[in-house]
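Coordinates in review
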Amino acid sequence: MKNNILIIGGGPAGLEASAQLQRMGYNVILIEKSPRLGGHLAKWDRLFPDGVPADDVLGGLIKELNGVKYFTDTDIRAINRLEKSYNVRLTNGITVLSDAVLVASGFDLFDAVRKEEYGYGIYDRVITNADLEAWFKTGSDKRIDNPRKIGFVHCVGSRDEKSGCRSCSKVCCATAVKQAIEVKQAFPEAEVFCFYMDLRLFGRHYEDLYLKAQKEYGIRFIRGRVAEVSENIDGTLVVKAEDTVASKPLKATLDLLVLMSGMRPSASGKAVGDLLEMTVEEDGYFAVRSGIAAGQRSPLPGLFLAGAATGPKTLPETLADARAAAVEIDRYLTEIFPDARNYKQLVRERW
Ligand SMILES: Cc1cc2nc3c(=O)[nH]c(=O)nc-3n(C[C@H](O)[C@H](O)[C@H](O)COP(=O)(O)OP(=O)(O)OC[C@H]3O[C@@H](n4cnc5c(N)ncnc54)[C@H](O)[C@@H]3O)c2cc1C
Ligand code: SF4
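Quick look at the structure, then. (Residues numbered from 1 in each chain as written. Chains lettered and ligands numbered in written order. Predicted model: local features only at pLDDT ≥ 70, side-chain atom pairs only at ≥ 80, totals over all residues.)

Our next topic: the site of ligand 2. Near ligand 2 lie 13 residues; those nearest to it are Cys155, Ser158, Cys168, Cys172 and Cys173. If you list the elements that add at least two residues to the shell around ligand 2, you get strand S12 (149-156) and helix H4 (172-186). Of the residues contributing to the shell around ligand 2, the split by class is 5 nonpolar, 4 polar and 4 charged. (Near = placed C-beta within 6 Å. Helix = DSSP H or I, 4+ residues; strand = E, 2+ residues; numbered from the N terminus. Nonpolar A, V, L, I, M, F, W, Y, C, P; charged D, E, K, R; others polar.)

The sheet built from 3 strands is open, its strands ordered S6-S7-S8 with antiparallel pairing. The open sheet has two free edges, formed respectively by strand S6 (76-81) and strand S8 (95-98), since each of these has just one partner strand. Neighbouring strand axes in the sheet, compared pairwise and without regard to direction, differ in orientation by 20° on average. When S6 meets strand S7 (residues 86-90), the two strands line up antiparallel, connected through 5 bridges. Paired with isoleucine 76 across the two strands is leucine 90, which belongs to S7. (Pairing = 2+ DSSP bridges. Axes fitted to C-alpha atoms, helices over the stretch in contact; angles between N-to-C directions.)

Now for the pairing of S12. Among the 8 residues of S12, 7 are classified as buried, and the element is accordingly described as predominantly covered. The pairing of S12 with strand S13 (residues 191-196) spans 5 bridges and is parallel. Paired with valine 153 across the two strands is phenylalanine 195, which belongs to S13. For the crossover that starts at S12, traverses H4 and ends in the parallel S13, the hand is right-handed. One ladder, built from 5 bridges, connects S12 with strand S18 (residues 256-261); its direction is parallel. Across the sheet, phenylalanine 152 pairs through a bridge with valine 258, a residue of S18. (Buried ≥ 20, exposed ≤ 12 C-beta atoms within 10 Å, placed from the backbone. Right-handed = clockwise from strand over helix to strand, strands pointing away.)

Taken together, 40 residues lie around ligand 1, and Gly9, Gly11, Gly39, Gly106 and Gly307 are the ones closest in. Of all elements in the fold, only helix H1 (12-23), strand S10 (107-109), helix H3 (129-138), helix H6 (267-276) and helix H7 (315-336) reach the threshold of two or more residues within the shell around ligand 1. When the residues that make up the shell around ligand 1 are grouped by side-chain class, the tally is 19 nonpolar, 17 polar and 4 charged. Here the shell around ligand 1 spans two domains, and each of domain 1 (4-106 + 266-350) and domain 2 (110-263) adds at least three residues to it. (Domains from an automatic or database assignment.)

A few words on the packing of H4 against helix H5 (residues 206-215). Running from amino to carboxyl end, H4 crosses H5 at an angle of 40°, the nearest separation of the two axes being 10 Å. Taken as a pair, H4 and H5 cross one another with a handedness that is left-handed. Here Ala174, Val177, Lys178, Ala180 and Ile181 of H4 come into contact with H5, specifically with Tyr206, Leu209, Tyr210, Lys212 and Ala213. A breakdown of the residues in the contact of H4 with H5 according to their chemical character gives 8 nonpolar, no polar and 2 charged. (Left-handed = near helix turned anticlockwise from the far one by under 90°. Contact = placed C-beta atoms within 7 Å.)

Written out as structure tokens, the structure reads:
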């Protein structure tokens, strides 16, 4: 018997887990609610810390799918828990009997409109990190017109009780440093400022990127929270902040302001979680059985989690998590369906 595994979410976590489980000899069905695979990775241009093109990484992940059956534009309509499996009705009319389900529904980007004081959606020249990535990819955005003074605001919608998110999004300091270097490469004459609370550049090579930003590109890092943004009659922006190192208020006129929107729990992931009766924690991300020893197992039998569905993660962390989820699913299925062992052994010997 070949066990069926349903994977919900065709972002990096879902893609990586699908490829691993298919190789292990399972029958994998991957569903993605949007029209294309790739999740947020499909929206990014170059990746920190070393500038690798996101499309190359995504292309590699999709190539590895190798026989995985997948459906785009597909979500979950209904789920029925049976004794040892799940009967899942998809929005494309197909019903899948699945022995294990992996939820890899990822994250949503914080909606910067909610931070009214920064003026996103009000002032033309206030954009987000995602908008800037789109411009790096396509080169087209009327709002980016040879800016001479550019500011980046860290922690937008993260570490902020008012926005309902106390925690750090982990990826936006590194993204800000990467993007600051990239705008400086695009507009060498521009002055670039990063307004931060703390710099959380924890990963390998991240510190090098930060030093490069300062030494090679002259990017200025100002410790202070932006309090308010307003617009001059000519469309330039006035940014008021508190410089917490110099302990004095600061006012700057800028041509472009980039908001580093953080990661939030996925709303469509939550909808699936509700159907599956999964627990979410206070921060809105899915609960796992044990954060240390079983970070990919949900508290429910046969239900697994991978990637940003359980909290902010960088891409390498996401991929490692997906591989760990594949191992956990294999362990679980081997325990629950011991008869399947011989079949899998055969597949592995042939592989
Ligand atoms: C601005 C920004 C820049 C970043 N840049 C980098 C970088 O340079 N380097 C790096 O290491 N990391 C970077 N990251 C982090 C990286 O994007 C994440 O680690 C990665 O996208 C997480 O993958 P995921 O598959 O868990 O989630 P996602 O990428 O969010 O993918 C989840 C997928 O699941 C789908 N889905 C959700 N619900 C359902 C449903 N109900 N049914 C079907 N499908 C569903 C979604 O449509 C989506 O395609 C960045 C993050 C941000 C916010
Ligand atoms: S990674 Fe940096 S910008 Fe993002 S929430 Fe954490 S401290 Fe703020």
